[in-house]
Amino acid sequence: MTVRNRGALAAMAAGAAALTLAGVVACGSEPAEDVGGDEVTALASATPTPAPAATGGGSVPVNPGTLPAGSEIVPPVKLSIPPIRVTATVNPVGVNERTDEFEVPPSVDQVGWYRYGPGLETDAGSVVIAGHVDSAEQGKGAFFRLRELRQGDKLTATGSDGRERSYRVVAREEYRKSKIPLERYFARDGKPRLTLITCGGPFDAKTRSYRDNIVITAVPA
Amino acid sequence: MQYAMFRRVAAGGAVAALTFAGVGAATMSPAYAASSKVSVVHGIPDTPVDVYVNGEKTLNNFKPGDVAGPLTLPEGEYDIALTKPGEAIDKAILKVDDAAVPGGANISLAAHLSADGNPQITPFVNDVSKVGAGKARLIVRHTAAAPAVDVRAGGKPVFEDLTNPKEAKADVAAGSVKADVVLAGTDTVAIGPADLNLKEGTATIVYAIGSAEAKNLSVVAQTITGLHSAPGGVPSGTGGQAGTGVDTWWYVLAGAGVLLLVGGGARVAATARAGRR
């Protein structure tokens, strides 16, 4: 075996190693497949209300024109997701005035409940809780492992009334942020459900943002 | 033009029972697509009425301060009459013939006093366009026998110089606000103050009603829900530790691997051939 040949063989070995490593990384980076999309669509389709007048005999409601009172909403205060070992404080949040985006709590170990939507008391619509997957300064967030959830996994949300409510995961979906049908996840009609949102997919180091949103949909268990 | 036909069915003894029965759903369906939602607001103090639509009694003993509806009415023209409860339609205290109801709109018919104190009916088209996330729509309608007013929220005028029968509106941050109505340009409070709970994604319509002279100015409120929008996005990660995409450098590495393999292979083959010679 010549010296030249040995060099060539070493190059081949290095090449093979490089290819294998790149391949392993690529495969490891494959996002988990979406599951339960149909169920989410079914949950979101509004509960049909009988068409007034056309059905005949429906009486028209008469209400006192009093000023609207505050409705009784039960905000979630604690979220517990045993399969991914998450217990997080839930804060009521709104939208960022400047960006019009969901105001995810800056502290990554806490998550935010969309206070304009339904609370845990609701019998219709989507209760939305969003949290950081991670942050550049603070590291891993409460929802770092959210995408590992599977259909059937159980989680618990505790309301400000102290009552625990159990939910069962029915769907895990990943969308490009530019394509996500947010109105479906922020709906106030349809079946009652809990929607958990975080970031995922490829990370753009320049803009320091993820391309996708991971969305978990759970129903009362 | 398809006219709506309504028939009153058993009121069942309920005092304020209003029953709108479609006569033949099939005959209504062609116009159904162009139907409008119509609410009726009673803003004439001390005057309960029966409401007739196209000669049929549709609202029985409708009380001041109440809001009826929404009814779904096909596009068309309607004759509306108000009588004292139980009185015949020919003794109507207020009558509007051929009131146009456009298709696909959300309308409020307000029975109220004019600026000089005469009963009248004013149709308002309600702005039911979506409000931005975190916002609520406030609509104020001057339907009282009173001069021009300003509406203040938290002590600051938000609507100024509003006159009967006009409206003013704005999309504002959702939440609770203390509001009052003052005579335009003054601090003389005409109505309120009252706490207004402006719920996100709704329109709150406040009607100033009554008469300044009779000292019975007050408000009637109507709420329209379902106008919410989703937030613009959910930004929830800046770290990159959970990135699932394959970084460009891995492609470079794979490419280099291929080059090394092919190059090394060619060299080995070449030396093997040279060795055989």
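Whatever comes next refers back to the structure up there.
Residues numbered from 1 in each chain as written. Chains lettered and ligands numbered in written order. Predicted model: local features only at pLDDT ≥ 70, side-chain atom pairs only at ≥ 80, totals over all residues. Heavy atoms only, no water.

Some words on the overall build of chain A
A tally of regular secondary structure across chain A gives three helices and 11 strands. Listed by position from the N terminus, the elements making up chain A come as α-α-β-β-β-β-β-β-β-β-β-α-β-β. Buried residues in chain A amount to 45% of all 221 residues. With the model as given, the accessible surface of chain A reaches about 11000 Å², and the carbon-plus-sulfur share is 52%. (Helix = DSSP H or I, 4+ residues; strand = E, 2+ residues; numbered from the N terminus. Buried < 20%, exposed > 50% of the residue type's maximum accessible area, 1.4 Å probe, protein only. Areas by Shrake-Rupley, 256 points an atom, 1.4 Å probe, with all protein chains shown as cover.)

A closer look at the sheet that holds strand β1 (residues 62-64) of chain A
With mixed pairing, five strands are arranged side by side in an open sheet as β1(A)-β6(B)-β3(B)-β9(B)-β10(B). Across the chains shown, the open sheet's two edge strands, defined by having one partner strand only, are β1 of chain A together with β10 (119-125) of chain B. Recorded for the sheet is a direction-independent mean angle of 20 degrees between the axes of neighbouring strands. When strand β3 (residues 36-43) of chain B meets strand β6 (residues 66-73) of chain B, the two strands line up antiparallel, connected through five bridges. Looking at β6(B), one finds that S36(B) is bridged to L73(B). (Pairing = 2+ DSSP bridges. Axes fitted to C-alpha atoms, helices over the stretch in contact; angles between N-to-C directions.)

Points about the pairing of strand β2 (residues 76-81) of chain A
All names here are of chain A. In this sheet, strand β8 (residues 154-159) lies alongside β2 in antiparallel orientation, the contact comprising four bridges. By the bridge assignment, K78 is partnered in β8 with T158. For β2 and strand β3 (residues 86-93), the ladder comprises four bridges, and the chain directions are antiparallel. What sits directly across from S80, in β3, is T87.

So, the nonpolar core
Residues V51(B), F62(B), L82(B) and I121(B) are the most contacted members of the largest nonpolar core, which totals 25 residues. For this core, the elements supplying multiple residues, two or more each, are β3, β4 (49-53), β5 (56-62), β6, β7 (76-83), β8 (94-101) and β9 (106-113) of chain B. Of the residues forming this core, the biggest block, four residues, is contributed by β9(B). Residues contacting V51(B), with those up to four places away along its chain left out, are E56(B), K57(B), T58(B), L59(B), F62(B), I80(B), A81(B) and L82(B). Within the second largest apolar cluster, 24 residues are counted, among which are V111(A), L120(A), I129(A) and L146(A). (Core = buried A, V, L, I, M, F, W, Y, C linked by side-chain atoms within 4.5 Å. Contact = heavy atoms within 4.5 Å.)

Remarks on a nonpolar patch on the surface
Among the surface-exposed residues, L19(A), V258(B) and V262(B) lie close enough to one another that they form a single nonpolar patch of about 230 Å² accessible area. Overall, L19(A) belongs to the partly exposed group, its relative accessible area being 32%. (Patch = residues over 30% accessible without salt bridge, like charges linked within 9 Å, V, L, I, M, F, W, Y side chains within 5 Å. Salt bridge = Lys/Arg side-chain N within 4 Å of Asp/Glu carboxyl O.)

Comments concerning the interface of chain A and chain B
Counting residues at the interface gives 72 residues for chain A, matched by 64 residues for chain B. Taken together, chain A and chain B are joined by one salt bridge. Note that E200(B) and R188(A) form a salt bridge whose closest N and O atoms lie 2.6 Å from each other. Put simply, chain A and chain B have 21 residue pairs in polar contact (both at pLDDT 80 or more) between them. At the level of secondary structure, the elements contributing two or more residues to the side of chain A that touches chain B comprise α1 (3-28), β1, β5 (126-131), β6 (134-135), β7 (139-140), α3 (182-185), β10 (193-204) and β11 (209-220) of chain A. It is α1(A) that provides the largest number of residues to the side of chain A that touches chain B, a total of 15 residues. Class assignment for the residues of the side of chain A that touches chain B results in 40 nonpolar, 20 polar and 12 charged. Relative to β6(B), β1(A) runs antiparallel, the two sharing three bridges. Counted as the bridge partner of V62(A) is A68(B) from β6(B). (Polar contact = N/O pair within 3.5 Å; in protein donor to acceptor, adjacent residues only side chain to side chain. Nonpolar A, V, L, I, M, F, W, Y, C, P; charged D, E, K, R; others polar.)

Re helix α2 (residues 37-44) of chain A
Listed in full, the buried residues belonging to α2(A) are V40(A), L43(A) and A44(A). Take α2(A) and look down its axis: the buried residues cluster within an arc of 95 degrees, on one side only. (Arc of directions from axis to C-beta.)

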